[in-house]
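Each chain, letter by letter, is given below.
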Amino acid sequence: MLLGIDVGGTHTDAVLLDRSGLLASAKVETRQDDLLQSIHAALGRIRDLAGEVEVQRFNLSTTLCTNAIVQDELKPVGVMVSAGPGIDPENFRIGDHYEVIRGGLDHRGEEIQALDLDQVEQCTKRFLDQGLRVFAAVGKFSPRNPEHEESMVRAISDRAAFLTAGHWISGQLNFPRRIATSYYNSAVWPIFNEFANSVESSLREHHISPQLNILKADGGTMPLSQARRLPVESIFSGPAASVMGLMALCDIEEDALMLDVGGTTTDVGVFAGGDPLVEAESVELVHRPTLVRAMKTESIGLGGDSAIALSEDLCRVGPRRLGASLACGGEQATLVDALNCISEETFGDRDASIRGMREIGSGLQCSVEEAALRVVRQSCRSLREKTMAMLERINERPVYTVHEFLESRRIEPGKLYIMGGPARLLAPYLSREFGLPVVVPDNAGVANALGAALARPTLQAELFADTHLHHMTVPVLGRQERVSRDYTLKQAKRDLSEDLCRFVRDNYHWSVDESEAEVVEESAMNMVRGVHTVGQDIRVKCQIKPGITPDYEGVVKCICKELPTG
Amino acid sequence: MYMQGVANRLGVVFFPAFDWAISPTHPERQERLLYTMDQLKEEGVFDIPGIEEYRPDEAGLEDVRRVHFSFPDTESHLTPSHLIAAGGAIKAAKLLREGDADKAFALVRPPGHHAMKAVHGGRGFCNVNIEAIMVEYLREHYGVGRVAIVDTDCHHGDGTQDVYWHDPETLYISLHQDGRTLFPGSGFSSELGGPKALGKTINIPLPPRTSDEGFLHAVDEVVLPILEDFRPEIVINSAGQDNHFSDPLTDMNFSAQGYAALNQRLNPDIAVLEGGYSIHGALPYVNTGIILAMAGLDYAYVREPDFDPESLRQDKRTREYIHQICSQARQSYFHPPDSGISRNMEDGYFVRSKEIFYDTDFITERQREHLLDCDHCSGLLLMESSSSRLKNCLGIEIPRGACQRCQSAGQMYFDKAQQNESLRNMQLIDRPGGAVRRFRRE
């Protein structure tokens, strides 16, 4: 049996499933000051509904780390960076304890200047004197050669409660992002670790001992042990949960868009050939770009409760939310109120909605229906324009080869999946505006929790080999070794796939077939010095992509009937 | 706060063409911008608020035909990579004119500044002139007039000089290693532009081992005062990076700090990558420096691992020689000499003959050029050309702003030439009419 809980901003949803389908679902209000209590409450509800059950796996999606970062409740971190030449690393200063250590590597990972171990020692002592127990050690070009970072780790680790080294996070080159991500990883660790302990003990109280996984921003899961090492990966799992929920509910095989219409915002997700787009450079935290791999989603400031503002003969919807809609006892007419006036289904206090829209209508010198229609169409147009702009940015992404330039495939959505409260009411209008068939899945109310419950592990790793230097490294898996001049791209691909699968088997308690390790980028370039080829520069990126737990595929499929266009 | 704010919003059109090479071990090969990419990515350059990375456009054949007489035809000298490099430069120009950026850098390959007006093949790794294609695109689509191109590649940009030799609206200034010591062996102080554009071509041939000090002296004492006088609408840096002290093909002592300082002072609207083949020790740092300088950011820590300013210092003799070359160059712009300029006339046309060698494709070309001495415009251009591979070609250009007489004369020549059995390949570039006519005898 699988348990999934999504702790969202307003609600905490929980679902319990077995291979026959959904057994129980529950929705409780989230107490932002006590997320653990919210989880408790949801678990209690599930138990009330389903009784004592044997849960094999419990997947949890939580806003804990996101909140800690956004609300600046972070613990102090001692950050050590070694930089070498380039942009002044002072520009990347983060937190209150940040020191640049002398030493540097070049873009091949070759040492330009030895790491100043005396300075590392003095800095460690100073940090410890300041009461710091949590650290981050980040070197420029560490994915090419982690040696400097590892020297710092060796110097600090015995005296640290927790430590993040930059190359554990990602094999992707981006020093400022690596610094910020490592810092946040360490800064949320104390909170996350305590939370993890509490969750484990409360599960014991409930007498269940499932394998506990945490949902990541890329829509995959990681076991709690891994999450304790990389808690920063649990940020922004909410939008990922809704994308995974949609994948659980509908068979998506084509290019498609997901619009999850919430109260204040609409989250847009993108599918290419049925796979959700995932990006390593999409998440920004408090204006700091990070290396956290995440579902490519964008949030548009327009939702069901967006207030309608009137200016001259125009009306605008959003981005402000001034409270609930009139239909729900609010004070300001919203998009939901407009929908309420023109839909067959009614919602809440329809008369209140009509009164509100009459006022808007008199401002626009038109009838209630026309005013409502205008508001709805305006909202749909705004959603389409912003969605299309996002799609254009994705399709116009830089490419680096002539082949990609000429052949790169554009994402052209053929279907629109709409979720969220006002989805059913909004669907026909969105369909007309986008000119696309629309699907509103059933069970969408608990889609996030379903997505969390049914998500499976994901992992990405990069391999870099320089056969001239006889050097090969897979930074995030901690692999480093000597390779011969004859090492090939083919071997590199095989090595990385095997490593990735082995790592998942050993650390994620998940059996994964090597066919599931997908090579997403590969290149092998001859390195010429003078007029001689001296070696090859080999790069491979491999992933286990997000997806639905195989043996549960289809258990909660809904009837994804397309609504007639227009 | 993460990074200081940029002074100029910078668009970087980055296209390293990782699957394109002239030949496997050629300097112009797949690997050339690999380490530059690594450095830029690791620096997080494209995350800096105000610096944006863009995908290039692909130039159309019409964009090439507007600039070059190509024989036997345009297509035979092009690979997709050439059109994408030219399209990258066009994209940079568009970013500026559409208001998406204040400055733009086309970090693309292959380069273009050795491609001349007539093209029979590849010269100095160049097949089409990507700056000229960009400049003429700007003129055709955005009505741009006066343009200055400052070529800081170590090799004389003989192609760009040739394309704009007769154009008084395009100022071409080249700083390069003295032609007596390096390919293509041209770019001497006496090369000052055609009779109708005298002083609009300025060459500053610098001696081997010129360092940051010498380059910056030339910028301060020659380039900037001339630009101030010329008042271009757009300044372009033809940003070759082979003046670097570690470049394998040249003998200069320029550094990443120097390149950045040069761009800070020159303050170009657009930079376009040209040569530069120290792909490991120079390009990653030079490109980072140029990008930061163009955006108006601090670049003080951008330096090569083996940078040693002491060992690169210019000696007194070099310094004095550079000062002398610079004062001569400055003089040539403000007071172009009357003497020493070839002004052979035939029936009211200025006549010029030249021989061109295509080192990449091993072709020799002979040209005879006639420019109508017109009082009302820059004059109709006729170019007869024969190469070791293709004889009897003719190019006719009716220039921008051509008078009525030159326009009809150009059309008439083209019609008449088609009757001439001995001419095999012809191209008419009609700029006022916005058209190109071509004729090929089988």
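Conventions and cut-offs
- Note on numbering: residues in each chain are counted from 1, in written sequence order.
- Ligands are numbered from 1 and chains lettered from A, in the order in which they are written.
- Owing to the predicted nature of the model, reporting of local features is limited to residues with pLDDT of at least 70; listing and counting of side-chain atom pairs is limited to 80 or more, with chain, interface and lining totals taken over all residues.
- Hydrogens and waters are ignored; side-chain quantities use all the structure's heavy atoms.
- The split into domains, and so the bounds of each, comes from an automatic or database assignment of domains.
- By definition, residues are in contact when any of their heavy atoms lie within 4.5 Å.
- Defined here as a combined quantity, buried area equals the accessible surface (1.4 Å probe) lost by two parts on assembly, summed across both.
- Between Lys or Arg on one side and Asp or Glu on the other, a salt bridge is scored when a side-chain nitrogen of the former is within 4 Å of a carboxyl oxygen of the latter.
- Whenever a nitrogen or oxygen atom comes within 3.5 Å of another N or O atom, the pair is scored as a polar contact, on the condition that within protein one atom can donate a hydrogen and the other can accept it, and that pairs from neighbouring residues in sequence are kept only if both atoms are in side chains.
- The secondary structure listing takes helices from DSSP runs of H or I that are at least 4 residues long and strands from runs of E that are at least 2 residues long, numbered from the N terminus.
- We call Asp, Glu, Lys and Arg charged. Ala, Val, Leu, Ile, Met, Phe, Trp, Tyr, Cys and Pro are nonpolar, and the rest, Gly among them, are polar.
- A simple rule labels every residue: compare its accessible area, found with a 1.4 Å probe on the protein chains alone, to the largest value its type can have, and call it buried under 20%, exposed over 50%, or partly exposed in between.
- Think of a 1 Å grid over the protein atoms and nothing else: a 1.4 Å probe that fits but is trapped marks a cavity, an open set flanked by protein within 12 Å on at least five of seven lines marks a pocket, and residues with an atom within 4 Å of a point count as lining.
- Grid points are joined across faces, edges and corners, and a volume is the space filled by probe spheres set on the points.
- Expected helix span is taken as 1.5 Å per residue step, with the number of steps being one fewer than the number of residues.
- Bend angle per residue: angle between axes fitted to the 7 residues ending at that residue and the 7 residues starting there.
- Here, strands pair whenever DSSP counts at least two bridges between them.
- Fitted lines through C-alpha atoms serve as axes, helices being fitted only where they are in contact, and the angles separating the N-to-C directions of these axes extend from 0 to 180 degrees.
- A pair of aromatic rings is counted whenever rings of Phe, Tyr or Trp (Trp by its six-membered ring) have centres within 6.5 Å, and the orientation is called stacked for planes under 30 degrees apart, edge-to-face for over 60 and tilted otherwise.
- Only Lys NZ and Arg CZ are tested; either one counts as a charge over a ring when it is within 6 Å of the ring centre and within 35 degrees of the ring normal.

Asker: Before we move on, could you go through the domain arrangement of chain B and cite the residues and values that matter?
Answerer: All names here are of chain B. In terms of domain boundaries, chain B breaks down into domain 1 (10-334) and domain 2 (345-440). Using C-alpha coordinates to define each centre, domain 1 is positioned 28 Å away from domain 2. Counting residues at the interface gives 35 residues for domain 1 and 37 residues for domain 2. Each partner contributes to the roughly 2900 Å² buried at the junction of domain 1 and domain 2, and carbon and sulfur atoms together form 55% of this total. Taken together, the connections running from domain 1 to domain 2 amount to ten salt bridges. For Asp73, the salt bridge identified is with Arg440, shortest N-O distance 3.1 Å. Taken together, the links from domain 1 to domain 2 amount to 25 residue pairs in polar contact (both at pLDDT 80 or more). For the side of domain 1 that touches domain 2, the secondary-structure elements that each account for two or more residues are β3 (69-70), β5 (118-119) and α4 (130-142). Per-class residue counts for the side of domain 1 that touches domain 2 are 13 nonpolar, nine polar and 13 charged.

Asker: Before we move on, could you go through the side chain of B:Thr201 and cite the residues and values that matter?
Answerer: Residues and elements named next belong to chain B. When you line up the elements, Thr201 lands in strand β8 (residues 201-206). Looking at Thr201, the relative accessible area reads 1%, which means it is buried. When neighbours within four sequence positions are excluded, Thr201 is seen to be in contact with Gln161, Trp165, Tyr172, Glu191, Leu192 and Gly193.

Asker: Account for empty space enclosed by the protein, naming residues and giving values.
Answerer: Residues and elements named next belong to chain A. Counted by the stated rule, this structure contains three cavities of 30 Å³ or more. What the largest cavity holds in volume is close to 280 Å³. Forming the walls of the largest cavity are 24 residues, and the residues nearest its centre are Ile169, Glu233, Arg293, Leu459 and Gln460. Broken down by secondary-structure element, the contributors of at least two residues to the lining of the largest cavity are α5 (166-169), α7 (224-229), β25 (459-466) and α15 (489-508).

Asker: If you had to explain helix α6 (residues 175-205) of chain A to someone new, which residues and values would you point to?
Answerer: All names here are of chain A. A rise of 1.5 Å per residue sets the reference length of α6, with its 31 residues, at 45 Å; its end C-alpha atoms lie 44 Å apart and thus fit the reference within 8%. Along α6, the largest kink reaches about 45° and is centred on Trp189; proline Pro190 follows within four residues of it. Of all 31 residues in α6, 24 are buried; the element is thus mostly enclosed. Put simply, Asn174 is the residue that caps the front of α6, since its side-chain oxygen is 3.2 Å from the backbone nitrogen of Arg177.

Asker: I'd like a rundown of the side chain of A:Arg177, residues and numbers included.
Answerer: Mapped onto the secondary structure, A:Arg177 falls in helix α6. When neighbours within four sequence positions are excluded, A:Arg177 is seen to be in contact with A:Glu281, A:Ser282, A:Val283, A:Pro289, A:Thr290, A:Leu291 and B:Asp47.

Asker: Explain the environment of A:Met472 residue by residue, including any values.
Answerer: All names here are of chain A. Mapped onto the secondary structure, Met472 falls in strand β26 (residues 471-474). Along the chain, Met472 and Thr12 lie 460 residues apart, while their C-alpha atoms are 45 Å from each other. Every residue in contact with Met472, bar those within four places of it in the chain, is listed here: Leu463, Phe464, Ala465, Arg479, Gln480, Glu481, Val483, Tyr487 and Asp495.

Asker: Let's hear about the interface of chain A and chain B: which residues, and what values?
Answerer: Listed as interface residues are 45 residues of chain A and, on the opposing side, 47 residues of chain B. Contact between chain A and chain B buries roughly 3900 Å² in total, counting both sides, with carbon and sulfur atoms accounting for 58%. Contact with chain B buries area across many residues of chain A, yet A:His107, A:Tyr400 and A:Phe405 alone supply 20% of it, more than any other trio. Linking chain A with chain B are six salt bridges. Between B:Asp47 and A:Arg177 there is a salt bridge, with its nearest N and O atoms 2.6 Å apart. In this structure, the connection of chain A to chain B is made through 25 residue pairs in polar contact (both at pLDDT 80 or more). Those elements that place two or more of their residues in the side of chain A that touches chain B are α6, β18 (288-289), α12 (402-407), β28 (517-529) and β29 (532-544) of chain A. Of the residues belonging to the side of chain A that touches chain B, the class tally is 19 nonpolar, 13 polar and 13 charged.

Asker: Describe helix α8 (residues 283-295) of chain B, with residues and values.
Answerer: All names here are of chain B. With 13 residues, α8 should cover 18 Å at 1.5 Å per step; its first-to-last C-alpha distance of 18 Å lies within 8% of that length. In terms of burial, α8 is largely enclosed, as 13 of its 13 residues are buried. Looking at the residues trailing α8, positive phi occurs at Gly296, about 80°.

Asker: Please give an account of the sheet that holds strand β1 (residues 10-15) of chain B that cites residues and values.
Answerer: Residues and elements named next belong to chain B. Strand order in the open sheet made by the eight strands is β2-β1-β4-β10-β9-β6-β7-β8, with parallel pairing throughout. Bordering the open sheet on either side are β2 (51-54) and β8, each of which pairs with just one other strand. Direction aside, neighbouring strands of the sheet carry axes that sit 15° apart on average. Of the strand pairs in this sheet, strand β4 (residues 103-108) and strand β10 (residues 270-273) are connected by three bridges, and their pairing is parallel. The residue bridging Ala104 from the neighbouring strand is Ile270, located in β10. Packed onto the sheet, helix α6 (residues 212-230) meets β6 (147-151), β7 (170-177), β8 and β9 (234-239) and runs at close to 175° relative to β7.

Asker: Quick rundown of the packing of aromatic side chains? Include the residues and the values.
Answerer: Inspection of the entire model under this criterion finds 15 aromatic pairs over all chains. Here B:Phe357 and B:Phe362 contribute two aromatic rings whose centre-to-centre distance is 5.3 Å and whose plane-to-plane angle is 80°, an arrangement assigned as edge-to-face. Among the aromatic side chains, those forming a connected cluster through ring pairs are A:Tyr400, B:Phe14 and B:Phe18. The side chain of B:Arg146 reaches across the aromatic face of B:Phe230, ending 4.1 Å from its centre.

Asker: Give a detailed account of the domain arrangement of chain A, specifying residues and quantitative values.
Answerer: Residue and element names in this part refer to chain A. The domains assigned to chain A are domain 1 (1-250 + 441-456) and domain 2 (459-544). Distance between the C-alpha centres of domain 1 and domain 2: 26 Å. Interface of domain 1 and domain 2: buried area, both sides summed, is about 1700 Å²; carbon and sulfur atoms make up 48% of it. Looking at the side of domain 1 facing domain 2, the largest losses of area belong to Arg108, Arg144 and Arg456, adding up to 34% of the total buried there. Joining domain 1 to domain 2, the criterion identifies three salt bridges. Residue Arg108 is joined to Asp537 by a salt bridge in which the shortest nitrogen-to-oxygen separation is 2.7 Å. Applying the counting rule to domain 1 against domain 2 returns five residue pairs in polar contact (both at pLDDT 80 or more). Elements with a contribution of two residues or more to the side of domain 1 that touches domain 2: α5, β12 (221-223) and α7. For the side of domain 1 that touches domain 2, the class distribution of residues is six nonpolar, nine polar and seven charged.

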